[in-house]
Amino acid sequence: MSISSSIKSIQDIMRKDVGVDGDAQRIGQLVWLLFLKIFDDREQEWELLDDNYRSPLPKQYRWRNWAANPEGMTGEELKSFIDNELFPALQKLESYSTTPAAFVVRGVFEDAYNYMKSGQLIRQVINKIQEGVDFNKAQERHAFGDMYEQLLRDLQSAGNAGEFYTPRPVTEFMVRMVDPKLDEKVMDPACGTGGFLTCSIEHKRKHYVKTPEDERTLQASIHGVEKKPLPHLLATTNMILHGIEVPNQIRHDNTLARPLIGWGPKDRVDCIVANPPFGGMEEDGIETNFPAAFRTRETADLFLVLIMHLLKDGGRAAVVLPDGFLFGEGIKSRIKEKLLNDCNLHTVVRLPNGVFNPYTGIKTNLLFFTKGTPTKDIWFYEHQYPAGVKNYSKTRPMRIEEFATEQAWWGSEADGFAARVEGEFAWKVSAEDIKARNYNLDCKNPHVGEQVSHDPAQLLADYARMQAGIHGLREQLKTVLSEALERDA
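Reading the values: the criteria
Residues numbered from 1 in each chain as written. Predicted model: local features only at pLDDT ≥ 70, side-chain atom pairs only at ≥ 80, totals over all residues. Heavy atoms only, no water. Phe/Tyr/Trp six-rings, centres within 6.5 Å; stacked < 30°, edge-to-face > 60°. Helix = DSSP H or I, 4+ residues; strand = E, 2+ residues; numbered from the N terminus. Axes fitted to C-alpha atoms, helices over the stretch in contact; angles between N-to-C directions. Contact = heavy atoms within 4.5 Å. Nonpolar A, V, L, I, M, F, W, Y, C, P; charged D, E, K, R; others polar. Pairing = 2+ DSSP bridges. Buried < 20%, exposed > 50% of the residue type's maximum accessible area, 1.4 Å probe, protein only. Expected span 1.5 Å × (residues − 1). Arc of directions from axis to C-beta.

Trainee: Sorry if this is basic, but what is going on with the packing of aromatic side chains here?
Mentor: By convention here, two paired aromatic rings are described through the distance between centres and the angle between planes. Evaluation of the coordinates by the stated rule reveals 21 aromatic pairs. Summarising the aromatic geometry, the rings of Phe173 and Trp410 are spaced 5.9 Å apart at their centres and angled 90° between planes, so their arrangement reads as edge-to-face. With Phe173 in helix α8 (residues 168-178) and Trp410 in helix α15 (residues 404-410), this pair connects stretches of sequence that are 237 residues apart. Through a chain of ring-to-ring contacts, the aromatic side chains of Phe173, Phe368, Trp379, Tyr381, Phe403, Trp409, Trp410 and Phe417 assemble into a single cluster.

Trainee: Help me understand the packing of helix α5 (residues 100-109) against helix α11 (residues 229-241), please; the structure alone is not making it clear to me.
Mentor: Packed helix pairs are specified by the crossing angle of their axes together with the interaxial distance, meaning the distance between the axes. In the contact formed by α5 and α11, the axes pass within 8 Å of each other and the chain directions differ by 145°. Contact residues: Val104, Gly107 and Val108 in α5; His232, Leu233 and Thr236 in α11. In terms of residue class, the contact of α5 with α11 is made up of three nonpolar, three polar and no charged.

Trainee: Looking at this model, I keep getting lost on the sheet that holds strand β2 (residues 222-226). Mind explaining?
Mentor: Whenever strands of a sheet pair, they do so through backbone hydrogen bonds, lying parallel or antiparallel. If you trace the nine strands from one edge of the open sheet to the other, you get β3-β2-β1-β4-β5-β7-β6-β8-β9, paired in mixed fashion. The two strands at the open ends of the sheet, each matched to only one other strand, are β3 (250-252) and β9 (426-430). Across the sheet, the axes of successive neighbouring strands diverge by a mean angle of 15°, strand direction being ignored. As judged from the four bridges shared by strand β6 (residues 343-350) and strand β8 (residues 377-382), these two strands associate in the parallel manner. Among the inter-strand pairings, Thr347 is bridged to a residue of β8, identified as Trp379.

Trainee: Just to check I follow, could you spell out the pairing of strand β4 (residues 269-274) for this structure?
Mentor: Along any regular strand the residues' side chains alternate between the sheet's two faces. Counting buried positions over the six residues of β4 gives six, a clear majority of the element. As paired elements, strand β1 (residues 186-188) and β4 share two bridges and run parallel to each other. Among the inter-strand pairings, Val186 is bridged to a residue of β4, identified as Cys271. For β4 and strand β5 (residues 311-322), the ladder comprises five bridges, and the chain directions are parallel. Considered in β5, the bridge of Ala274 is made with Val319.

Trainee: Explain helix α14 (residues 331-342) here, please?
Mentor: What sets the pattern is the α-helix's 3.6 residues per turn: residues three or four places apart point alike. In a regular helix each residue adds 1.5 Å, so 12 residues correspond to 16 Å; α14 covers 16 Å between its end C-alpha atoms and thus fits that length. Lys332, Ser333, Ile335, Lys336, Leu339 and Leu340 are the residues of α14 that are buried. Considered in projection along α14, the buried side chains sweep an arc of 160° and stay on one side of the axis. Tucked into the core, α14 has its buried residues touching α12 (299-310), α13 (323-327), β6, β7 (364-371), β8 and α16 (431-436).

Here's what the structure looks like:
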């Protein structure tokens, strides 16, 4: 039976369990079990390579000793063992081992949960994993990586969990354009399931890893932080699947909860590729970690301020942001002013509707910038649907080949993108023009005539722009009136 068939039959078994409610819970349940199996497979490899290897797990909690025997514990005994022994032990693993591997396992399990109620069904799932997954077989490892990517795609239809998955073509294109070199530190401060980081790993291996020493350099160069338990579990497992032996650089934390001034020079990184969650609000008090001029509870805005701060001079970033950021006023304008003053925002790729369906229909943009020199000109590129396609869907998703036109047009930052030319879908706007527009980056394609849209999402976006404009005029009027009153006083 193939790995994908095994995973499908496992999920079918899980659907019979009354404790598992929906895709997100089922995937969360499946992945912590897969994590322990994969970790045990890796330990077998480490034991062969190192006679002195010592597991960070107590003997009775290693997969091989409680799960691998198909005739082993089942029913109430198995459920009780998982709930009352296995989980508590892994959540307090520091009392047994303080190795980096122990830190990784504890981080995975500190907020994981056993949703399944039937010990008999748990045993069936474990047996399917045991017979269907052998991570030490090279061909199976590759197949398992593809299957895992499909699992992450499935999250897009799993309620709010979909926010943590960025379509693979988008992550791959962004990483290619940022081009992280071998020894450059890459970070995603809201890493979700780890898509940008795995793309960075593959990019470095393909272009820069030549020796075992290069591989060790790569292993130490990948860093991510994720706030929520399920995506953190998925990201940690994803790192192991992509050959990061002990992914202790993937932290379970909220990067926004640390005061901005608490990130010092040693925390600076060379490259950031990220899709910070947008549309959400941070909990009360988080905004006080930021300077007064940038205080907001809008998550994506705070992340952009943090990303600018975390980059070294000369550091490069690619960030996904919604249309609302481009035309937003108030604090958004101040953040954009800082972005253009502190960084060279050289490219904005405007994506069409549907890239993030079904999670959200909001139109999104890819912002590429380099820290250290102010922006002079911003190039805009309007990404097109392939011929005959009017929207993306589950049966017709975006493909990496669609970015070939952008890549051919891109040029080199080293010569200021001298090779770029304006065309039907590419145009340039000066920073001075953006400043005159009160830092409104919602620049329409000048090569396309005015079009009337009846798309509800587009109409709502237009309404939001109009409201933002009214708000801006109101603020200007208040300022003029205040100054007039002060002169008359």
